[in-house]
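Single-letter residue listing:
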Amino acid sequence: MTPPGPEGAPIRRTAAVLAALAALTVALLGAGVAQTGTGELRVPAAGTTSVLRVLVLVALAVHLGELAGGRMARAGPLPRRWSPAASLLGAAASAGLLLLFAAVSGLGLATVYGTREGRLLLIMANAFALAALCAASRRPALALVPLTGVVCAEALRAHPEAYTPAIGTALTVVHLTAASLWFGGLLYVLRTMRLRGGGRDVLVRYARTAAWVYAALVITGTCSTLRRLPLDVVLATAYGRVLLAKLALFGVVSLLALTARYRMLHGGDPRPPARIELGALAAIVVVSALLTVVPDPHWLTP
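In what follows, the accompanying structure is described. (Residues numbered from 1 in each chain as written. Predicted model: local features only at pLDDT ≥ 70, side-chain atom pairs only at ≥ 80, totals over all residues. Heavy atoms only, no water.)

1. Description of the overall build of the protein chain
Phase 1 of the analysis: Along its length, the protein chain carries 10 helices and zero strands.
Phase 2 of the analysis: In sequence order, the protein chain lays out its α and β elements as α-α-α-α-α-α-α-α-α-α.
Phase 3 of the analysis: For a compact globule of 302 residues, the expected C-alpha radius of gyration is about 19 Å, and the protein chain comes in at 19 Å, within 12% of that figure.
Phase 4 of the analysis: In terms of overall dimensions, the protein chain has C-alpha extents of about 55 × 45 × 35 Å along its principal axes.
Phase 5 of the analysis: Burial statistics for the protein chain: of 302 residues in total, 45% are counted as buried.
Phase 6 of the analysis: Contacts in the protein chain between residues at least 24 apart in sequence constitute 74% of all its contacts with a sequence separation of at least 6. (Helix = DSSP H or I, 4+ residues; strand = E, 2+ residues; numbered from the N terminus. Rg over C-alpha atoms; globule rule 2.2 N^0.38 Å. Buried < 20%, exposed > 50% of the residue type's maximum accessible area, 1.4 Å probe, protein only. Contact = heavy atoms within 4.5 Å.)

Next up, the structure:
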């Protein structure tokens, strides 16, 4: 157990650094490892793409979670806002993906801007930049508008298929929003509780919202999996293997969330399992980024 207060701070920082290095390693090497023995074509610059996508997802989660968490926190001291820096990071990562796409494809930027992928990445970069400006203004809630643009652009980018693209896009919009609220909201709530030296009421309000978020994730995740992944290629494709890893992590997160809720309802301290839950959610973010990079198994079937 990590000691509270200043004595535990170095331990927490060391753990955070080690976790960040582990996440970076998985993002850089995960796609290649998952494709071992599948016969699928290697994705150019898969590691760099995965890292940049992790940054995009983290930026979105931190900003959306802060907007939602601020409402849950209500009256009382609030932690320093991370949303301006998070959205600037998201803008930089989106721009990096755009430049990487141009480098890998061998096309000039003017040509890339005219492609579907290029336009969507440009929209995301500009929307994140606008969200950062809103977050730094006197009306930070206005950032919800450009962040909605980020979610929609990412959902459209993730579903280029010709069959029922509207359904896939809608499922991704709900799934990505729910995942961002779960991870980012929990991060903000734990920061608020640490600042206040308690704040159990904040966690209670978060838990009520998290129940609906969890249901949305299960439903949309199941529907998306059934649409995209033929059952006969689950173990034979990188997508299937990464998805199994994500499902395993989701099971761990579910148990941790139930443990935290049980402690909260029975007078115990819910923060230790909630902190571990946050770390497991961060791992899910990394794995989710890998899912957007590895080949789509739908194209393997007629």
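Next comes the rest of the account.
2. Considerations on unusual backbone geometry
Phase 1 of the analysis: Of note in this structure, Ala-45 is not a glycine but carries a positive phi near 55°.
Phase 2 of the analysis: Even without glycine at this site, Arg-74 takes up a positive phi of about 55°.
Phase 3 of the analysis: On the secondary structure map, Arg-74 appears in the loop between α2 (46–73) and α3 (83–105).
Phase 4 of the analysis: Given the relative accessible area of 58%, Arg-74 is considered exposed.

3. Overview of helix α7 (residues 165–196)
Phase 1 of the analysis: Helix length check: α7 (32 residues) gives 46 Å between terminal C-alpha atoms against 46 Å at 1.5 Å per residue, within 8%.
Phase 2 of the analysis: Phi turns positive one or two residues past the end of α7, at Gly-197, with a value near 70°. (Expected span 1.5 Å × (residues − 1).)

4. A short note on the packing of aromatic side chains
Phase 1 of the analysis: For the coordinates displayed, the defined rule picks out three aromatic pairs.
Phase 2 of the analysis: Arranged with centres 5.8 Å apart and planes meeting at 75°, the rings of Trp-182 and Tyr-214 form a pair that is edge-to-face. Residue Trp-182 is found in helix α7, and its partner Tyr-214 is found in helix α8 (residues 200–228); the two are separated by 32 residues along the sequence.
Phase 3 of the analysis: A ring pair is formed by Tyr-214 and Phe-250, whose centres lie 5.3 Å apart and whose planes are at 15°; its orientation type is stacked. Residue Tyr-214 is located in helix α8, and its partner Phe-250 is located in helix α9 (residues 238–265); the two are separated by 36 residues in the primary sequence.
Phase 4 of the analysis: Taken together, the aromatic side chains of Trp-182, Tyr-214 and Phe-250 make up a single cluster linked through ring pairs.
Phase 5 of the analysis: Across the ring face of Trp-82, the terminal group of Arg-191 is positioned such that the distance to the ring centre comes to 3.6 Å. (Phe/Tyr/Trp six-rings, centres within 6.5 Å; stacked < 30°, edge-to-face > 60°. Lys NZ or Arg CZ within 6 Å of the ring centre and 35° of its normal.)

5. With respect to the state of the cysteines
Phase 1 of the analysis: Throughout the structure, instances matching the rule amount to zero disulfides.
Phase 2 of the analysis: Unpaired in this structure, Cys-134 has its nearest cysteine sulfur neighbour in Cys-152, at a distance of 16 Å.
Phase 3 of the analysis: Judged by its relative accessible area of 34%, Cys-152 falls in the partly exposed class. (Disulfide = S-S within 2.5 Å.)

6. Remarks on the packing of α7 against α8
Phase 1 of the analysis: The contact between α7 and α8 brings their axes to 8 Å, and the two run at 155°. Here α7 is positioned roughly antiparallel relative to α8, judged by the angle of their axes. The two elements α7 and α8 cross, and the hand of that crossing is left-handed.
Phase 2 of the analysis: Of the residues belonging to the contact of α7 with α8, the class tally is 18 nonpolar, seven polar and three charged. (Axes fitted to C-alpha atoms, helices over the stretch in contact; angles between N-to-C directions. Parallel < 35°, antiparallel > 145°, perpendicular 65-115°, else oblique. Left-handed = near helix turned anticlockwise from the far one by under 90°. Nonpolar A, V, L, I, M, F, W, Y, C, P; charged D, E, K, R; others polar.)

7. Looking at the layout of surface pockets
Phase 1 of the analysis: One number sums up the size of the second largest pocket: a volume of about 1,500 Å³.
Phase 2 of the analysis: As for the second largest pocket, its lining consists of 50 residues, and the residues nearest its centre are Arg-157, Ala-158, Leu-291, Thr-292 and Val-293.
Phase 3 of the analysis: Residue assignment for the lining of the second largest pocket shows that the elements contributing at least two residues are α2, α3, α5 (116–135), α6 (144–158), α7, α8, α9 and α10 (271–291).
Phase 4 of the analysis: Of the residues forming the lining of the second largest pocket, the biggest block, eight residues, is contributed by α8.
Phase 5 of the analysis: Partitioning the lining of the second largest pocket into residue classes produces 29 nonpolar, 13 polar and eight charged. (1 Å grid on protein atoms, 1.4 Å probe; cavity = no way out; pocket = protein on both sides within 12 Å on 5 of 7 lines; lining within 4 Å. Points joined across faces, edges and corners; volume = space filled by probe spheres on them.)

8. A closer look at the packing of α2 against α3
Phase 1 of the analysis: Close contact between α2 and α3 brings their axes to 8 Å; oriented N to C, the two are set at 155°. Judged by the angle between their axes, α2 and α3 are roughly antiparallel. As α2 runs across α3, the sense of the crossing is left-handed. Each of Thr-48, Thr-49, Leu-52, Arg-53, Leu-55, Val-56, Ala-59, Val-62, His-63 and Glu-66 in α2 lies in contact with α3, whose residues at this interface are Ser-83, Ala-86, Ser-87, Leu-89, Gly-90, Ala-93, Ser-94, Gly-96, Leu-97 and Leu-100.

9. Examining empty space enclosed by the protein
Phase 1 of the analysis: In this structure the tally under the stated criterion is one cavity of 30 Å³ or more.
Phase 2 of the analysis: Its volume calculated, the largest cavity comes out at about 30 Å³.
Phase 3 of the analysis: As for the largest cavity, its lining consists of Val-62, Gly-65, Glu-66, Trp-82, Gly-184, Leu-187, Tyr-188 and Arg-191.
Phase 4 of the analysis: Breaking the lining of the largest cavity down by element, the ones donating at least two residues are α2 and α7.
Phase 5 of the analysis: For the lining of the largest cavity, the element with the most residues is α7, which contributes four residues.
Phase 6 of the analysis: Partitioning the lining of the largest cavity into residue classes produces four nonpolar, two polar and two charged.

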